[in-house]
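Residues per chain, in single letters:
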Amino acid sequence: MLYWTLVFLVVAIIAGALGFGGIAGASAGIAKILFFIFLAFLIISLLAGIFRRA
């Protein structure tokens, strides 16, 4: 999932450099959503690992 976040981030940067504001905004929005989903999974995994050891 982090891979897709980076892909959309690169697309947003390239589109922003070329002046396509709508495409850049959409790609950045998708990258942001995927980043927060990945972050939530990371926190859940860390908590599961801590409770499993205890």
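Keep in mind the model is a prediction, meaning the values are calculated, not measured.

A look at the overall build of the protein chain
Along its length, the protein chain carries two helices and zero strands. A compact globule built from 54 residues would reach a C-alpha radius of gyration of about 10 Å, whereas the protein chain, at 15 Å, exceeds it by more than 25%. The dimensions of the protein chain, computed from C-alpha atoms along their principal axes, are 55 × 15 × 10 Å. Within the protein chain, the proportion of its 54 residues that are buried is 13%. Total accessible area computed for the protein chain in this model is approximately 4,200 Å², and 81% of it derives from carbon and sulfur atoms.

Looking at a nonpolar patch on the surface
Taken together, the side chains of F35, F36, L39, L42, I43, L46, L47, I50 and F51 make up a nonpolar region of the molecular surface, amounting to roughly 880 Å² of accessible area. Summarising the element assignment, L39 is placed in helix α2 (residues 21–53). What makes L39 partly exposed here is its relative accessible area of 32%.

What about the packing of helix α1 (residues 2–18) against α2?
Put simply, α1 and α2 touch, their axes get as near as 8 Å, and they point 160° apart. Here α1 is positioned roughly antiparallel relative to α2, judged by the angle of their axes. For the element pair α1 and α2, the recorded crossing hand is left-handed. Residues L2, W4, T5, F8, L9, V11, A12, A15 and G16 of α1 lie in contact with α2, whose contacting residues are I23, A24, S27, A28, I30, A31, L34, F35 and F38. Looking at side-chain class alone, the contact of α1 with α2 contains 15 nonpolar, three polar and no charged residues.

Focus: α2
Look at α2: 48 Å from first C-alpha to last across 33 residues, which is about the 48 Å you get at 1.5 Å a residue. All of the buried residues in α2 are A24, S27, A31 and L34.

What counts, and at which threshold
Residues numbered from 1 in each chain as written. Predicted model: local features only at pLDDT ≥ 70, side-chain atom pairs only at ≥ 80, totals over all residues. Heavy atoms only, no water. Helix = DSSP H or I, 4+ residues; strand = E, 2+ residues; numbered from the N terminus. Rg over C-alpha atoms; globule rule 2.2 N^0.38 Å. Buried < 20%, exposed > 50% of the residue type's maximum accessible area, 1.4 Å probe, protein only. Areas by Shrake-Rupley, 256 points an atom, 1.4 Å probe, with all protein chains shown as cover. Patch = residues over 30% accessible without salt bridge, like charges linked within 9 Å, V, L, I, M, F, W, Y side chains within 5 Å. Salt bridge = Lys/Arg side-chain N within 4 Å of Asp/Glu carboxyl O. Axes fitted to C-alpha atoms, helices over the stretch in contact; angles between N-to-C directions. Parallel < 35°, antiparallel > 145°, perpendicular 65-115°, else oblique. Left-handed = near helix turned anticlockwise from the far one by under 90°. Contact = heavy atoms within 4.5 Å. Nonpolar A, V, L, I, M, F, W, Y, C, P; charged D, E, K, R; others polar. Expected span 1.5 Å × (residues − 1).

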